[in-house]
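Inside the fold
The residues making up each chain are set out below.
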Amino acid sequence: QQKTLKDAYKDYFPIGVAVMPQSLKGDEAKLILQQFNSITPENSMKMGAIHPEENRYNWNDADSIVAFAQANGLRVRGHNLCWHEHTPKWLFTDANGKLVSKEVLLKRLKDHITAVVSRYKGKIYAWDVVNEAVDDDSSRLYRNSLWYQICGEDFIVKAFEYAHEADPNAQLFYNDYNTERPEKRDRVYKLLKKLVDAHVPVNAVGLQGHWSIYEPTEKELRDAIEKFASLGLQIQITELDMSIYPWEKNVRAKTANDIDKYTSELEQKQTEQYKKMFSIFRDYKNVITGVTFWNTSDRTTWLDHYPVPGRKNYPLLFDVNWQPKPAFWSVVNF
Ligand code: XIL
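All of these numbers come straight from a predicted model, not from anything done at the bench. (Residues numbered from 1 in each chain as written. Predicted model: local features only at pLDDT ≥ 70, side-chain atom pairs only at ≥ 80, totals over all residues.)

**Brief notes about the overall build of the chain**
The line we're drawing: Elements are defined by DSSP. Helices are runs of H or I of four residues or more, strands are runs of E of two residues or more, and each kind is numbered from the N terminus. We compute the radius of gyration from the C-alpha atoms alone; for a globule the expected value is 2.2 Å times N to the 0.38, where N is the number of residues. Put simply, a residue is buried when 20 or more other C-beta atoms lie within 10 Å of its own C-beta and exposed when 12 or fewer do; between those, it is partly exposed, and each C-beta is set from the backbone. Working definition of a contact: two residues with C-beta atoms, positioned from the backbone, lying within 7 Å.
Helix and strand counts for the chain stand at twelve helices and nine strands. The C-alpha radius of gyration of the chain comes to 19 Å, within 12% of the 20 Å expected for a compact globule of 334 residues. Projected onto its principal axes, the C-alpha coordinates of the chain cover approximately 55 × 45 × 45 Å. Within the chain, buried positions represent 43% of all 334 residues. In the chain, once contacts between residues fewer than 6 apart in sequence are set aside, the share between residues at least 24 apart is 74%.

Pasting the structure below:
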């Protein structure tokens, strides 16, 4: 009897995966249906993709992913409604190329969120409403994006309100990365506490989980989960992968020459790290309501292109031939 992720975790939380329309065919679709019970569109619902012009939406890709989920009984997490990246060209400027006013930008945000959330009402159970609005630099709370420059912090509150109006039953997430690093964790906490205290309709926090075989530590992860849970929020790991490169090296690397071989030693380290992370997730099953991997297998992972184009990475539980890696067995056997 072959063990699968979704069966192993059926008493814990759904296990999800990020997909593109082309993932939903052939071998990859088979593996997805065998192992996962939730999907997230990797790019198809980002504003630049789904809303390329002010008066035109491009629903095809997003619709096809939602239809696949419906046909196969998978849950869908929507990703995302408001982010500083993948924004369409028209969003921040008027016809003369001048930055728009706060009123205009909030109106555009409202139109966008209302259209997208309403279309998938009842089919998407959770939305990443605001993505990565907290700064990486400890001297600032908010990222200095155009959203922030034009609207101040209000765009965050408004995004949650608009989403809640469009689908009062959807779970609404604030989603961010490096949330286990104490300084960033505390800034994200500060933002969330403000929102919760002001009764903004935010239900949950998404820890992206773009980790490496070197971090976070067990203590960092537990501290972050406990701190966010203390606000009464649910927690999901929304974009899990485990780079074989340390974060700092990832960020600073300038060329594809900087390639580490995926040695059995690194693979072993990755297996242990995955085992440890999932045993922590199980410990917190009362607050963790989902774990989603950012891609299916090492065959195609966004980390092959980020931050350095063409530098191969091996961050997932299945190998380049869709076969389970030792890390997979360490996650399903407990
Ligand atoms: C990434 C996708 O995986 C890539 O295909 C795309 O080119 C860039 O975006 N944080 C997020 C995700 O919230 O949306 C990002 O996804 C990865 C980092």
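**Quick notes on the packing of helix H8 (residues 182–197) against helix H9 (residues 218–229)**
Our working rule: Axis definition: a line fitted to C-alpha atoms, over the contacting stretch in the case of helices. Angles run 0 to 180 degrees between N-to-C directions. When an angle is under 35 degrees it counts as roughly parallel; over 145 it counts as roughly antiparallel; between 65 and 115 it counts as roughly perpendicular; any other value is oblique. As a working rule, the residues Ala, Val, Leu, Ile, Met, Phe, Trp, Tyr, Cys and Pro are called nonpolar, Asp, Glu, Lys and Arg charged, and the rest polar, with Gly in that last group.
Closest axis-to-axis distance for the H8/H9 pair is 10 Å, and the angle between their directions is 10 degrees. With respect to H9, the axis of H8 lies roughly parallel. Within the contact between the two elements, H8 uses Arg185, Tyr189 and Leu192 and H9 uses Ala224, Lys227 and Phe228. In terms of residue class, the contact of H8 with H9 is made up of four nonpolar, no polar and two charged.

**Quick look at the confidence of the model for the chain**
Put simply, the test is: Per residue, pLDDT captures the predictor's confidence, and it can take any value from 0 to 100.
Overall, the predicted model of the chain reaches an average pLDDT of 96, with 99% of residues at or above 70. When mean pLDDT is taken per element in the chain, strand S4 (residues 126–131) scores highest with 99 and helix H10 (residues 247–252) scores lowest with 73. Quick note on the complex model: pTM equals 0.97, ipTM equals 0.99.

**With respect to H9**
Spelled out, the test is: Take the residue count of a helix, subtract one, and multiply by 1.5 Å to get its expected span. For this quantity, the arc is that covered by the directions from the helix axis to the C-beta atoms.
For H9, built from twelve residues, the straight-helix expectation of 16 Å at 1.5 Å per residue is met to within 8% by its first-to-last C-alpha distance of 17 Å. All of the buried residues along H9 are Leu221, Ala224, Ile225 and Phe228. Viewed end-on, H9 has its buried residues packed into an arc of 95 degrees, placing them on one side of the element. Facing away from the buried side of H9 by over 90 degrees, the exposed positions are Glu218, Lys219 and Glu226. Of the surrounding secondary structure, the elements contacted by the buried residues of H9 are H8, strand S6 (204–207), strand S8 (234–243) and helix H11 (264–283).

**A closer look at the environment of Gln70**
Tracing the chain through its elements places Gln70 in helix H4 (residues 60–72). Between the C-alpha atom of Gln70 and that of Phe328, which follows or precedes it by 258 residues, the distance is 27 Å.

**Let's talk about H4**
Spanning 13 residues, H4 covers 18 Å between terminal C-alpha atoms, matching the ideal 18 Å at 1.5 Å per step. Within the span of H4, buried status applies to Ala62, Ile65, Val66, Phe68 and Ala69. End-on view of H4: buried residues confined to an arc of 155 degrees, all on one side of the axis. Among the exposed residues of H4, those oriented more than 90 degrees off its buried face are Asn60, Ala67, Gln70 and Ala71. Buried residues along H4 sit in contact with strand S1 (15–19), strand S2 (38–41), helix H3 (47–50) and strand S3 (75–82).

**Side note on the environment of Pro52**
Within the secondary structure, Pro52 is located in the loop between H3 and H4. Linking Pro52 and Ile259, residues 207 residues apart in sequence, is a C-alpha distance of 36 Å. Contacts of Pro52, omitting those with residues within four sequence positions, involve Asn58 and Pro88.

**Some points on the UniProt feature "active site" (unreviewed entry) in the chain**
Our working definition: UniProt positions are given in the numbering used here, feature names are shortened, and annotations may be inferred rather than shown by experiment.
Cross-referencing UniProt, the feature "active site" (unreviewed entry) maps to Glu239 in the present numbering. By secondary structure assignment, the location of Glu239 is in strand S8. On the neighbour-count criterion, Glu239 (24 C-beta atoms within 10 Å) is buried. Not counting residues up to four positions away in its chain, the partners in contact with Glu239 are Ala18, Gln208, Gly209, His210, Thr292 and Trp294.

**Focus on the nonpolar core**
One recurring pattern in soluble globular proteins is that nonpolar side chains are buried together. Selection criterion: Any nonpolar core is a set of buried residues, restricted to Ala, Val, Leu, Ile, Met, Phe, Trp, Tyr and Cys, that join up through C-beta atoms within 7 Å.
Core analysis: the largest hydrophobic core is formed by 86 residues, its most contacted members being Cys82, Ile113, Trp127, Val129, Ala159, Ala163 and Leu172. With seven residues, the single largest contributor to this core is helix H7 (residues 154–166). When residues no more than four places from it in sequence are discounted, the contact partners of Val129 are Leu81, Cys82, Ala159, Phe160, Ala163, Leu172, Phe173 and Tyr174.

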